[in-house]
Structure formats: C-alpha cells, structure tokens
Amino acid sequence: MTSQHNKTSVAAISIFASGGMAAAKFVVGIAIGSLALISEALHSAIDLVATIITWAVVRVSDKPADEEHHYGHGKLESVSALGVTALLYVLAGGILVEAYSRLSEGSPPPTISAVPFVVLVIDIAVNLWRARALHRAARATRSQALAADALHFASDVMGSCAVIVGLILAGLGFWWGDAAAAAAVAVMIAALGLRMAGSTVQTLVDRAPEGAHEKATAAIRSVPGVIDVERLRVRMVGATTFIDTIAKVPRTYPIDRVEEIKHAAELAVSKTFGDADLTFTAVPVARNNETVRDRIMVIARNSGLAIHHVTVHDLGAKLIVSIDLEVDGEMRLDSAHDVANTLERNIKEEFEDVEVDVHIEPLEPELPFGIDAPAERVQIIAAALAEFAGEGEIHDIHNVRVRNTDAGEIVNFHCRAAPSMSVIKVHEQVDAIERALRRAFPSVKRVISHAEPPRA
C-alpha cells in the first residue's frame, strides 16, 4: 500500500468516526443540559472539520513538484494545520465565555443519567483507537496534517475525562462542576492549539528540524572525495527533507568523478532521512598535498589542453618546468606558439618564480575507420612481434589484432613482463619491439601495446 493511499484511508475512516461521536455527544448534551458535554461535542465537530480538511489535503500534498510548485505540495499540510488551530482558538474562547456566564449566574446542574457516561466511554475508546492509528500513519508517512489529527483525538480523551469528572461533581451536588469541566475542556483546547501552532509555524518559516543540520553534514562529509562542507541548509516540505549544500572537492578530480561524488552524497542523505532531495554544488579547491605536477595538470585541463611528460626541477629558489604540449598537427606554427605562450603565462601566474619550457608536438589524430585484417595477415604480424621480442624480458605476445584503414595498418597487441620490472624499462623494451615492427612493415601506421604481469 502506498503512503498516499494509507494517509487518505486513515483520514477517511476518521471522518465517519468524528461525525458519529460529535452528533451523539451533542444530542445527549442538549438533552441533559450539560455545557461540558456540548463543549466536547463542539470540539469533536471541529475535529470533524479538521479531519475533512486533512482528508482533502493529503490527497494533494503527495503530488510531485510541477512548474508552479517547485518543492512539491507538502506545505499545504502545514497551512491546513494552521487553519485548524485558528478554529480551535475560536471554539475555546466561546466555551470560556459561556462557562463564565453559567458560573456567574449559577445555572442549574445537568440531569444525570447513565446515557452520557456510556456515550463518553465509547467516545474515549474510539478516540484512543483513532489517535493510535493516525499517529502510526503520521510517523510512517511523516505527515504533519495526520500528526495534528492524532493530537486532536488524544486531547479528546482528556476532554472526555474532564466531562465525566464534571458530571460526577454535578451528580454529587456541586452545581458548578459541569461549567468548571467545560472551562477545563476550553483550556485543553487552547493548550492543544498552542502546541500545534508552534510546530506548524516553525515548518512554514522553514525552521530546520532538530538535529537535521548535523546529520546531513555528517552524511555528506562521510562521502569519499568530499573535503569539507562549506554551507548546508535544510528545510522540510511535507514529508520531504530538502537539503542545499556547497561541498569542497579536490580540483584535480575530473568532472565525471565529481558527478560520482554527487550521486554518493544523494544516497548518503537518502539513507539518513528517507525521503530527501539534495541540491549539491561542488566547489573545487586545492589540497595541501597537491604536487607541482598536479597544479600544472589542473592549469592545462582548465585551458582544455593536452600535455604530458611534465618534468619539474626544483632549484630551491626557482622551479624549472618542461612540458610536452599536443596541438592539432595542421595548426600553423604561429597559432601553436600563441597557445604555448598562454600556457606558460598561466603557469607563471600560479607560481612565484618559475621557468617554463614547452615542447610543441602534433596531437595524435583519431584513428580512421577500418576493418579487421585477414587471419593470415594477423598471423604474420604476430609471428614478427614474437621474433622481435626474442627471448628477452618481454614475452608471451598475445591478443594480436590488425586493422586496415585508409591511413595504413593499426596493430594492437598484449605482452607480459616480470612484475619487478620498472615502468620505464618495460616502456623502453616495448618501444623497441614497436619500432622494429614498423621498420619491417612500412604499411603499419601505428602500434598500440599493453604490457601486463604474468598470470598468477
């Protein structure tokens, strides 16, 4: 059963219960002349109105956000609760005025019989059941409107008990017992209204729920990649917790990594709050452990440039930086030189005293469209690769693929090397095999290799 169906079902059942009990208490109150019982009947009538409003509101409040209500319709529950609070205060004022009038004039006590006690006992049982059912539904769906309704019916139990005490006092000869019980009911209604108003107004003015800020901050900080939470705001709209945060992330992270952090943060707050809506703004910041190379890579990436072979020499008072910059091979030299000068200038702005040397080289073009070479050609290339590798430290040439393109043949292969070999040494030996292959087969345009350790 969905949360909306659960809320509307409980609210609908409460409508019939409120109407029946209000009518019974009012009829009996008029018949015996009990102001306390009439007041409690009017209180139940207000509850009936409140329940009808609740039933109508919860059918709308669970609707998703639309073009006019960007945060959904949950605030309707708070508005309805505020309206019911106003009705309660009007009722409490009217009861107090009438009770004061009867106490001042010394009105005769009501006629005592078993009927009002039976009605009140049934009313107490019904209200206890309704309050418990509504409280469970409100807690399960986090509905403020249902929570207010549950509070109404819980207060009705106390009001009915006050009426019973008043009737007993009147039956014992204390003529003022009924009017005093009516005044007690009015005071209970006013206290209930004050409690409801405080909670409802806090929601309407977007007061953060108790402890929500700390829980949300802890949940987001627990996400790997989040350095710190710079700002966080929380508010409730109906059952949804809306969280707006600005979080610090390493500036060296690529965009897709930052997006992963965002999704992880959404999962973390949803796990903490259940129904949560997170607005996550990532602010890239420099970490204390960033190296000079990291900072240079960030500068190049922010400029949309491809660089490699970044070499940094620290001379104590001065840094010497050498960079290989890849540009379009068809670009004019003067244009490429302007790009290199801009990169040098950006690096010099980042560091106080630095000398920058940029080597410009053509960017590897995208591989043209091709087709797989015949199996015989693949076998020839594979045999040549195995021959060039010989019995050296690079061995087990496998997964050889050859593709024919308009630009020439593209060769891919895998090989194995000792796990203890350094990357530099592996790279040198694989490069030697690739150069030998291109010398032997001039039609080979490009060779792409992948070295890996032996299988366990």
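A. Looking closely at the confidence of the model for the protein chain. Across the protein chain, the average pLDDT comes to 82, with 88% of residues at or above 70. The element-level mean pLDDT for the protein chain is lowest in helix 1 (residues 3-32), coming to 71, with helix 11 (residues 375-389) highest at 94.

B. Broad picture of the pattern of salt bridges. Under the defined criterion, the tally for this structure stands at 15 salt bridges. We note a salt bridge from Arg295 to Glu350, for which the minimum N-O separation is 3.2 Å. Linking Arg295 in helix 9 (residues 292-302) with Glu350 in helix 10 (residues 333-350), this pair joins segments that are 55 residues apart in sequence. By relative accessible area, which is 30% here, Glu350 ends up partly exposed. A single network of salt bridges, built from pairs that share partners, joins Arg251, Glu290, Arg295 and Glu350.

C. Molecular detail of the side chain of Glu326. As for its placement among the helices and strands, Glu326 is situated in strand 5 (residues 319-327). Within the buried set, Glu326 has no salt-bridge partner at all; the shortest N-O distance to an opposite charge, 8.3 Å, is to Arg446.

D. Unusual backbone geometry, seen in detail. In this structure, His309 takes a positive phi of about 50° despite not being glycine. As for its placement among the helices and strands, His309 is situated in strand 4 (residues 306-314). By relative accessible area, which is 59% here, His309 ends up exposed. In the Ramachandran plot, Asn399 falls in the positive-phi region, its phi being about 50° despite a non-glycine side chain.

E. Highlighting the pairing of strand 8 (residues 395-405). When strand 7 (residues 370-372) meets strand 8, the two strands line up antiparallel, connected through 3 bridges. Looking at strand 8, one finds that Ile371 is bridged to Asn404. Across 7 bridges, the pairing between strand 8 and strand 9 (residues 408-416) is antiparallel. Each bridged residue has a counterpart across the sheet, and for His395 the counterpart in strand 9 is Arg416. In textbook terms, the turn of a hairpin is the stretch between consecutive antiparallel strands, and for strand 8 and strand 9 this stretch comprises 2 residues.

Cut-offs and rules
Residues numbered from 1 in each chain as written. Predicted model: local features only at pLDDT ≥ 70, side-chain atom pairs only at ≥ 80, totals over all residues. Heavy atoms only, no water. pLDDT = per-residue confidence, 0-100. Helix = DSSP H or I, 4+ residues; strand = E, 2+ residues; numbered from the N terminus. Salt bridge = Lys/Arg side-chain N within 4 Å of Asp/Glu carboxyl O. Buried < 20%, exposed > 50% of the residue type's maximum accessible area, 1.4 Å probe, protein only. Lys, Arg positive; Asp, Glu negative; His and termini not counted. Pairing = 2+ DSSP bridges.

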